[in-house]
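Chain by chain, the residues:
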Amino acid sequence: MPTDVGSKPDSAVLLGLDSSLLRSLIAVVETGSFVGGARIVHRTPSAISMQMKRLEAQVGQPVFAHQGRSVVLTPAGEVLLTYARRVLGIADEAIMRFNRQSQKSTVRLGMTDEYAIAFLPSVLASFAAAHPLVEIQVTCRSSIVLSDMIDDGELDVALVTANSTGRAGPPAGGIFRDRLVWAAAPQGTAHLRRPLPIAVGPPSCMWRKAAVDALDAAGISYRLACTSENYAGQLAPVLAELAVAPLPCSALPSGVTSLGPKDGLPAVGYFEIALRRSHQASDELTCAVIDHVGAYFQTRLPV
């Protein structure tokens, strides 16, 4: 039996309504007639009339009342119209969102070799779980080169070394603070030799400067046993027991140990990791990458 026309349609009934009926309802209301509504939804007036009868049968109440050649909403129809607009608005929003996610996009992510070893697998895993169709293009270069690429719009996001400091504690301006240590072979004796053989980055490398400054302050003589722009080049002489290298504690692989004051080598200090974004990058995807990288570093304990 029909319920009182002034009452709201039952929510369970609303959830089962065909969206095409709701779209036709809105079209009829906006044009003021079945003929006008039919033109909007590309149906015949008789088809619209049948749809509205089905709609009234589903909600159990009259939706339209005739007023001359026009149709007007009943009180129940006014309530149903409000729900129809809300339901279709949410449905359209969901379709647009999933259509965007189904379109393959690309994010250009930069970081140093060391950060790629230490952080990239976890960052990629969390991001890919949320954005499975997004392609990640990873570029591994020095922090200086990466910063230039960000400025030139060649990268969207980059993890770079921001500054070095002798203090521990939370980062001052970056997203994470890591500790530099002397990487060495577990049973090696390179750290006992004088001058101390060290494997370092190019002259522009902050870690090289921090290590050399620490050695000079401690009065320890040294020689450059190897200079390399990448992580693998610095690590090779360490594994060969030919040198020690100033590297991030978080990036040390298995089979490499860290040395410090207890081993006769000076503390090198700490450095910060900063997240830089390009002003030319896509806002939506760039923000998603930043959110995932930030969430990852929030779970890491300081070293």
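Reading the values: rules and limits
The written sequence of each chain sets the order in which its residues are numbered from 1. Thresholds applied to this predicted model are a pLDDT of at least 70 for local features of residues and 80 or more for the giving and counting of side-chain atom pairs; totals over whole chains, interfaces and linings are not thresholded and use all residues. The basis for every side-chain value is the complete set of non-hydrogen atoms in the structure, without hydrogens or water. Strands are runs of DSSP state E lasting at least 2 residues, helices are runs of H or I lasting at least 4, and numbering of each runs from the N terminus. Exposure categories follow from relative accessible area, calculated using a 1.4 Å probe and restricted to protein chains: below 20% of the type maximum is buried, above 50% is exposed, and the middle band is partly exposed. In this description, contact between two residues means that some pair of their heavy atoms is separated by no more than 4.5 Å. Method for areas: the Shrake-Rupley scheme with a 1.4 Å probe, in which residue coverage is limited to the protein chains shown. Fitted lines through C-alpha atoms serve as axes, helices being fitted only where they are in contact, and the angles separating the N-to-C directions of these axes extend from 0 to 180 degrees. Oblique is the label for every angle not falling under 35 degrees (roughly parallel), over 145 degrees (roughly antiparallel), or within 65 to 115 degrees (roughly perpendicular). Handedness of a crossing follows from how the near helix is turned relative to the far one, being left-handed for an anticlockwise turn of less than a right angle and right-handed for a clockwise one. Under the convention adopted here, Pro, Cys and the residues Ala, Val, Leu, Ile, Met, Phe, Trp and Tyr are nonpolar, Asp, Glu, Lys and Arg are charged, and Gly plus all remaining residues are polar. By definition, a salt bridge exists where a carboxyl oxygen of Asp or Glu is found within 4 Å of a side-chain nitrogen of Lys or Arg. Look down the strands so they point away from you; if the path from the first strand over the helix to the second goes clockwise, the crossover is right-handed. Pairing of aromatic side chains requires ring centres within 6.5 Å, counting the rings of Phe and Tyr and the six-membered ring of Trp. Pairs whose planes differ by under 30 degrees are stacked, by over 60 edge-to-face, and all others tilted. In protein, a polar contact means a hydrogen-donor-capable atom and an acceptor-capable atom, both N or O and within 3.5 Å, with residues adjacent in sequence counting only if both atoms are side-chain atoms; elsewhere, any N or O pair within 3.5 Å suffices. Along the chain, pLDDT gives the predictor's confidence residue by residue, from 0 to 100. Both cavities and pockets are sets of points on a 1 Å grid over the protein atoms alone; in a cavity a 1.4 Å probe fits but cannot get out, in a pocket the set is open with protein on both sides within 12 Å along at least five of seven lines, and lining residues sit with an atom within 4 Å of a point. Grid points are joined across faces, edges and corners, and a volume is the space filled by probe spheres set on the points.

Draft legend 1. Structural detail: the overall build of the protein chain. Scanning the protein chain from terminus to terminus reveals 11 helices and 11 strands. Each of the 303 residues in the protein chain was classed as buried or not, and the buried ones make up 42%. The contacts in the protein chain between residues at least 6 apart in sequence include a share of 76% that link residues at least 24 apart. Accessible area of the protein chain: about 15,800 Å², with a carbon and sulfur share of 55%.

Draft legend 2. Structural detail: the environment of Ala47. Checked against the element boundaries, Ala47 lands in helix 4 (residues 45-59). For the pair Ala47 and Ser24, spaced 23 residues apart in sequence, the C-alpha separation works out to 9.9 Å.

Draft legend 3. View of the packing of helix 2 (residues 19-31) against helix 3 (residues 34-41). One can describe the packing of helix 2 onto helix 3 by two numbers: an axis separation of 7 Å at closest approach and a directional angle of 125°. It follows from the interaxial angle that helix 2 and helix 3 lie oblique. Judged by the twist between their axes, the crossing of helix 2 over helix 3 is right-handed. Judged by residue contacts, Arg23, Ser24, Ala27, Val28 and Thr31 of helix 2 engage Phe34, Gly36, Gly37, Ile40 and Val41 from helix 3. Split into classes, the residues belonging to the contact of helix 2 with helix 3 amount to five nonpolar, four polar and one charged.

Draft legend 4. Region of interest: the pattern of salt bridges. Tallied over the entire structure, the rule returns five salt bridges. Here Arg276 and Asp151 are joined by a salt bridge, their closest N and O atoms 2.7 Å apart. Separated by 125 residues along the polypeptide, Arg276 in strand 11 (residues 269-277) and Asp151 in helix 8 (residues 143-151) bring together distant segments of the chain. Put simply, Glu272 and Arg177 hold a salt bridge, and the shortest N to O gap is 2.5 Å. Here Glu272 is found in strand 11, whereas its partner Arg177 is found in strand 6 (residues 176-184), with 95 residues between them in sequence. As far as burial versus exposure is concerned, Glu272 and Arg177 are alike and both buried.

Draft legend 5. Main features of the pairing of strand 7 (residues 196-200). Counted residue by residue, strand 7 has five buried out of five residues, so it is predominantly covered. Across the two faces of strand 7 the burial is the same, with Leu196, Ile198 and Val200 and Pro197 and Ala199 all buried. The handedness of the strand 7 to strand 8 (residues 222-227) crossover, carried by helix 9 (residues 206-218), is right-handed.

Draft legend 6. Seen up close, the packing of aromatic side chains. A complete count under the given rule lists 10 aromatic pairs for this structure. Aromatic side chains Tyr115 and Trp207 sit 6.2 Å apart centroid to centroid with 65° between the ring planes, which places their arrangement in the edge-to-face category. Taken as a pair, Tyr115 in helix 6 (residues 113-118) and Trp207 in helix 9 lie far apart in primary sequence, 92 residues in all. Across this residue pair, the class does not change: Tyr115 and Trp207 are buried. Seen in terms of ring centroids, Phe119 and Phe297 are 4.9 Å apart; in terms of plane orientation they differ by 70°. Their pairing is edge-to-face. Taken as a pair, Phe119 in the loop between helix 6 and helix 7 (120-130) and Phe297 in helix 11 (residues 283-298) lie far apart in primary sequence, 178 residues in all.

Draft legend 7. Summary view of the side chain of Asp178. Looking at the element boundaries, Asp178 is found in strand 6. The buried category is assigned to Asp178, whose relative accessible area is 0%. Of note is the side chain of Asp178, whose polar atom sits 2.3 Å from the side chain of Ser250.

Draft legend 8. Spatial organisation of the confidence of the model for the protein chain. Mean pLDDT over the protein chain stands at 85; residues scoring 70 or higher make up 87%. Within the model, the stretch residues 1-15 combines pLDDT values under 50 with 22 contacts to residues more than four positions away or in other chains. Every residue in residues 166-172 scores below 50 in pLDDT, and together they form 13 contacts with partners more than four places removed in sequence or on other chains.

Draft legend 9. Inspection of the layout of surface pockets at higher detail. Within this model, the largest pocket holds a volume of roughly 440 Å³. Thr112, Arg141, Ser142, Ser143 and Cys205 are the residues nearest the centre of the largest pocket, which is lined by 22 residues in total. The dominant element in the lining of the largest pocket, judged by the number of residues it contributes, is helix 8, at four residues. Its residues placed into classes, the lining of the largest pocket shows eight nonpolar, 10 polar and four charged.

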